[in-house]
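Fold and contact review
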Amino acid sequence: GLVGGSTGLIGDPKPTSERQLNARETVAEWVSYLQSQVSRFLATDGTNPVRLVNNLDWTAPLSTVDFLREVGKHFRVGTMLKKDAVAARLESEDGISYAEFSYQVLQGMDFLELLRTYGCTLQLGGSDQWGNLTAGTELIRKAEGVHVHAIGIPLITDAEGRKFGKSEGNAVWLDANLTTPYAMYQFWLNQDDAIVVQLLKTFTFLGRDRIEE
């Protein structure tokens with residue numbers, strides 16, 4: 001389970017505008033929250049416990065020169081420019097900063113580190129992360145000469161097709177201190193009828209026959 005202590009300091013580029021940089025202390029706090037939340041869903045004990053890692057651990061000690069030589073050398077700007085979010089930002093009035101443009105390099109490096117340290121050959125991520133996932137597979141192919149794999153998981157979207165997310169302003173927090181159980185219940189109860197079937201298939205253990213009924 002990978003949390004972005006370093007990538008969170010930069011921000012994955014949105015198709016519309018530059019993200020506001022958050023304080024290091026804020027991002028560190030978020031990392032601790034995410035680790036505790038992940039631990040509720042992925043077993044941290046038993047015979048095959050999940051490993052929780054923070055990409056700041058291998059990014060922080062890396063010098064700029066080493067980063068450019070060991071990682072940046074394998075990336076082609078032409079390919080990076082074709083990523084959907086980057087292409088959209090280049091057409092916008094504000095453009096895109098070098099920091100956010102480099103995000104895909106950082107995330108690609110994560111996959112390389114996970115392969116080298118843990119033998120990880122498959123990375124899962126939301127479908128909106130596909131460009132970043134394939135950046136990792138391509139980096140590994142060039143740097144290590146091996147083939148690895150990525151799976152993009154479809155995002156949960158509202159009735160208008162927008163993903164549920166805090167940046168979209170249409171999601172709930174998975175923290176009872178920020179979203180009460182009552183607010184959580186009301187949030188799902190109030191969803192548009194058009195997406196209820198998909199939500200039941202995703203978030204409940206009801207069988208298909210029962211859902212259709």
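Shown above is the structure to which this text applies.
In short, a report on the structure. These figures come from a predicted structure and were not determined experimentally. (Residues numbered from 1 in each chain as written. Predicted model: local features only at pLDDT ≥ 70, side-chain atom pairs only at ≥ 80, totals over all residues. Heavy atoms only, no water.)

1. Thoughts on the pattern of salt bridges
In the structure shown here, the tally under the stated rule is eight salt bridges. Measuring nitrogen to oxygen at the nearest pair gives 2.3 Å for the salt bridge that ties Arg89 to Glu18. Of this pair, Arg89 sits in helix H6 (residues 84–90) while Glu18 is found in the loop between helix H1 (7–10) and helix H2 (24–38), placing the two residues 71 residues apart along the sequence. Residue classification places Arg89 among the buried residues on the basis of a relative accessible area of 1%. Judged by relative accessible area, which is 36%, Glu18 ranks as partly exposed. Residue Arg210 is joined to Glu213 by a salt bridge in which the shortest nitrogen-to-oxygen separation is 3.4 Å. Judged by its relative accessible area of 51%, Arg210 is exposed. Note on Glu213: relative accessible area 72%, which makes it exposed. Here the residues in one salt-bridge network are Glu18, Arg89 and Glu100, joined through shared partners. (Salt bridge = Lys/Arg side-chain N within 4 Å of Asp/Glu carboxyl O. Helix = DSSP H or I, 4+ residues; strand = E, 2+ residues; numbered from the N terminus. Buried < 20%, exposed > 50% of the residue type's maximum accessible area, 1.4 Å probe, protein only.)

2. Here's the deal with the nonpolar core
Core analysis: the biggest nonpolar cluster contains 20 residues, and Phe67, Val71, Phe75, Val105, Met109 and Ile140 have the highest contact counts within it. Those elements that provide at least two residues to this core are helix H8 (103–118) and helix H9 (130–144). For this core, the element with the most residues is H8, which contributes seven residues. Every residue in contact with Phe75, bar those within four places of it in the chain, is listed here: Met80, Gln104, Val105, Ala135 and Leu139. (Core = buried A, V, L, I, M, F, W, Y, C linked by side-chain atoms within 4.5 Å. Contact = heavy atoms within 4.5 Å.)

3. Points about the pairing of strand S4 (residues 149–153)
Of the strand pairs in this sheet, strand S3 (residues 122–126) and S4 are connected by five bridges, and their pairing is parallel. Residue Leu122 lies in a different strand from S4, and its bridge partner there is His149. As for the winding sense of the linkage, the β-α-β connection from S3 through H9 to S4 is right-handed. (Pairing = 2+ DSSP bridges. Right-handed = clockwise from strand over helix to strand, strands pointing away.)

4. A few points about the side chain of Thr137
Residue position: Thr137 is located in helix H9. Looking at Thr137, the relative accessible area reads 14%, which means it is buried. Here Thr134 takes part through its backbone oxygen, which lies 2.9 Å from a polar atom of the side chain of Thr137. (Polar contact = N/O pair within 3.5 Å; in protein donor to acceptor, adjacent residues only side chain to side chain.)

5. Examining the environment of Leu34
Looking at where Leu34 falls in the secondary structure, it is placed in helix H2. Relative accessible area serves as the criterion here: at 39%, Leu34 is assigned to the partly exposed category. The spacing of Leu34 and Leu2 is 32 residues in sequence and 9.6 Å in space, taken between C-alpha atoms.

6. Things to note about the packing of H8 against H9
Where H8 meets H9, the closest approach of the two axes is 8 Å, and the angle between their N-to-C directions is 55°. When the interaxial angle is binned, H8 and H9 end up oblique. Seen from above, H8 lies across H9 with right-handed handedness. Along its contact with H8, which presents Tyr103, Gln104, Gln107, Gly108, Met109, Phe111, Leu112, Leu115 and Arg116, the element H9 presents Asn132, Leu133, Ala135, Gly136, Thr137, Leu139, Ile140, Ala143 and Glu144. Of the residues assigned to the contact of H8 with H9, the class counts are ten nonpolar, six polar and two charged. (Axes fitted to C-alpha atoms, helices over the stretch in contact; angles between N-to-C directions. Parallel < 35°, antiparallel > 145°, perpendicular 65-115°, else oblique. Left-handed = near helix turned anticlockwise from the far one by under 90°. Nonpolar A, V, L, I, M, F, W, Y, C, P; charged D, E, K, R; others polar.)

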